[in-house]
Amino acid sequence: MAENKKIILTGDRPTGKLHIGHYVGSLKRRVELQNSGEFDEIYIMLADAQALTDNADNPAKIRDNIMEVALDYLSVGIDPAKSNIFIQSHVAELTELSFYYMNLVTVSRLQRNPTVKAEIQMRNFETSIPVGFFTYPISQAADITAFKATVVPVGEDQMPMLEQTKEIVHKFNAVYGETLVDPQILLPSNKACLRLPGTDGKAKMSKSLGNAIYLADTEADVKKKVMSMFTDPDHIRVEDPGKLEGNTVFTYLDAFCNEDHFAEYLPDYANLDELKAHYQRGGLGDVKVKKFLNNVLQEELSPIRARRAEYEKNIEAVYEILKKGSEAASAKAAETLREVKAAMKINYFDDPTFLEEQKRK
Ligand code: ATP
Ligand code: MG
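Here is what the cut-offs are and how they apply
- Residues numbered from 1 in each chain as written.
- Chains lettered and ligands numbered in written order.
- Predicted model: local features only at pLDDT ≥ 70, side-chain atom pairs only at ≥ 80, totals over all residues.
- Heavy atoms only, no water.
- Helix = DSSP H or I, 4+ residues; strand = E, 2+ residues; numbered from the N terminus.
- Rg over C-alpha atoms; globule rule 2.2 N^0.38 Å.
- Buried < 20%, exposed > 50% of the residue type's maximum accessible area, 1.4 Å probe, protein only.
- Areas by Shrake-Rupley, 256 points an atom, 1.4 Å probe, with all protein chains shown as cover.
- Lys, Arg positive; Asp, Glu negative; His and termini not counted.
- Charge placed at Lys NZ, Arg CZ, Asp CG, Glu CD.
- Near = heavy atom within 4 Å.
- Polar contact = N/O pair within 3.5 Å; in protein donor to acceptor, adjacent residues only side chain to side chain.
- Phe/Tyr/Trp six-rings, centres within 6.5 Å; stacked < 30°, edge-to-face > 60°.
- Lys NZ or Arg CZ within 6 Å of the ring centre and 35° of its normal.
- Domains from an automatic or database assignment.
- Contact = heavy atoms within 4.5 Å.
- Salt bridge = Lys/Arg side-chain N within 4 Å of Asp/Glu carboxyl O.
- Axes fitted to C-alpha atoms, helices over the stretch in contact; angles between N-to-C directions.
- Parallel < 35°, antiparallel > 145°, perpendicular 65-115°, else oblique.
- Left-handed = near helix turned anticlockwise from the far one by under 90°.
- Nonpolar A, V, L, I, M, F, W, Y, C, P; charged D, E, K, R; others polar.

### Some points on the overall build of the protein
Phase 1: Along its length, the protein carries 16 helices and 5 strands.
Phase 2: Since a compact globule built from 361 residues should have a radius of gyration of about 21 Å, the 23 Å found for the protein is in line with a globular shape.
Phase 3: With respect to the three principal axes, the spread of C-alpha positions in the protein is 90 × 45 × 40 Å.
Phase 4: Looking at the protein residue by residue over its 361 residues, the buried ones come to 51%.
Phase 5: Put simply, the protein shows about 17600 Å² of open surface, and 52% of that area lies on carbon and sulfur atoms.
Phase 6: Across the protein, the mean location of the 45 positive side-chain charges is 3 Å away from that of the 54 negative side-chain charges.

### Structural notes on the site of ligand 1
Phase 1: Close to ligand 1 lie 22 residues; Arg13, Thr15, Asp157, Leu196 and Lys204 are nearest.
Phase 2: Between ligand 1 and Arg13, the relevant distance is 2.9 Å, taken from an oxygen atom to a main-chain nitrogen or oxygen of the residue.
Phase 3: Note that an oxygen atom of ligand 1 is positioned 2.4 Å from one of the side-chain N or O atoms of Asp157.
Phase 4: Coverage of ligand 1 by the protein amounts to 96% of the 600 Å² it exposes when considered alone.
Phase 5: Elements with a minimum of two residues in the shell around ligand 1: strand 1 (7–12) and helix 1 (20–36).

### Things to note about the packing of aromatic side chains
Phase 1: Considering all chains together, one arrives at 10 aromatic pairs under this definition.
Phase 2: Measuring from centroid to centroid gives 5.3 Å for Phe125 and Phe133, while their planes differ by 70 degrees, and the two rings are edge-to-face. Accessibility assignment for this pair places Phe125 and Phe133 in one class, buried.
Phase 3: Here the aromatic rings of Phe172 and Tyr176 are separated by 4.6 Å at their centres, their planes lie at 55 degrees, and the arrangement is tilted. Here the residue Phe172 and the residue Tyr176 both occupy positions in helix 9 (residues 159–176), the gap between them amounting to 4 residues, near one helical turn.
Phase 4: Residue classification places Tyr176 among the partly exposed positions, given a relative accessible area of 28%.
Phase 5: In this arrangement the basic side chain of Lys6 is found over the ring face of Phe39, its NZ or CZ atom lying 5.1 Å from the centre.

### Some points on the domain arrangement of the protein
Phase 1: Segmentation of the protein into domains returns domain 1 (7–193 + 316–360) and domain 2 (219–310).
Phase 2: Taking only C-alpha atoms, the centre of domain 1 and the centre of domain 2 are 35 Å apart.
Phase 3: Listed by partner, the interface residues are 14 residues for domain 1 and 11 residues for domain 2.
Phase 4: Glu68 is paired through a salt bridge with Arg308; the nearest N and O atoms lie 3.1 Å apart.

### A short note on the packing of helix 4 (residues 93–101) against helix 8 (residues 136–146)
Phase 1: Following both chains from N to C, one finds helix 4 and helix 8 inclined at 120 degrees, their axes separated by 8 Å at the closest point. If you check the angle between helix 4 and helix 8, you find them oblique. Our pair here, helix 4 against helix 8, has a crossing hand that is right-handed. Along the contact surface, helix 4 presents Leu94, Leu97, Ser98 and Tyr101, while helix 8 presents Ile138, Ser139, Ala141, Ala142, Asp143, Thr145 and Ala146.
Phase 2: Each residue belonging to the contact of helix 4 with helix 8 can be placed in one class, and the counts come to 7 nonpolar, 3 polar and 1 charged.

### A word on unusual backbone geometry
Phase 1: Even without a glycine there, the phi angle at Asn124 is positive, about 50 degrees.
Phase 2: In this fold, Asn124 is placed in the loop between helix 6 (114–122) and helix 7 (131–134).
Phase 3: The residue Lys148 is not glycine, and still its phi comes out positive at about 55 degrees.
Phase 4: For Lys148, the position within the fold is in the loop between helix 8 and strand 4 (151–153).
Phase 5: Relative accessible area serves as the criterion here: at 4%, Lys148 is assigned to the buried category.

Written out as structure tokens, the structure is:
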């Protein structure tokens, strides 16, 4: 059983480079938690096995993005001395745990999962949903519980996964005895970061929708994307009053800017409220706001870009980081699996009472 340790588990699907939605939704928080020194163990997972559930015919895509996402992690400040970065498929115990958890979940419960529903629609699976994809909330429960995670820092779309995990934990512990740890979700505290919209104004910035600003984008790329971002389509002339609702540029400012940015780049305004008020009154053009947002983003992204460039020069070191992290993760998951099998009383060869019982029959 748990030793009252504080443990973090979180991760990302290596389906593409990470973007600023991932950054504000989860990555930034991970780095803060990592550096708080409050956690005993931290595991950050490259969820390649999960990514294959809807990319079975394109393993090359997953393979190519392992290193990209690892570089993204290191560039935002994940420190391999404090956090284990590991590859999901390397930890075979996760598959075994999933297999036992499957017995504790009904098909109708999975069908009700709102994120899975939305993702099935987005991918046009209709009735040809791969079984692996359909059951990925169960495999996510295995990922979280294998590490005895107490805290899972993720974006809002992961809430149904955490609920499913908690249900599995409660059911498992009720049936087999107190074994698994009940995890807590940690959502971003800033509302704009719960689900950052895409540059096109669509509800979610996503790797697969082509509406993302990537952490690895060059300065010129970022500027280009910001200057062509979706704003208020009715704000045509500078003097027109502008709308904030659904205005992506202002959502990004909500997510990224602070008063120091105003002092540095836009001293005519003390804070975002003043800028918003002027926009709503009319007389403030989109270009000025976009230029400000570009400055804010460049300030946040340039140290990330610089760190990435350093790590890119030494891919072999990154490879070693992944190997070491995966070994540490395997050891931890093996320990949990042993406890799970003991609780289920299917640990025949580790349990001397098994043979005694059989002999007595
Ligand atoms: P895919 O399209 O392959 O599912 P994704 O962009 O949704 O990729 P994931 O790897 O599924 O990324 O999610 C990684 C983490 O980032 C999760 O914690 C998720 O909640 C968070 N996240 C993803 N997109 C956003 C977003 N637009 N805003 C805030 N958080 C996000
Ligand atoms: Mg996703």
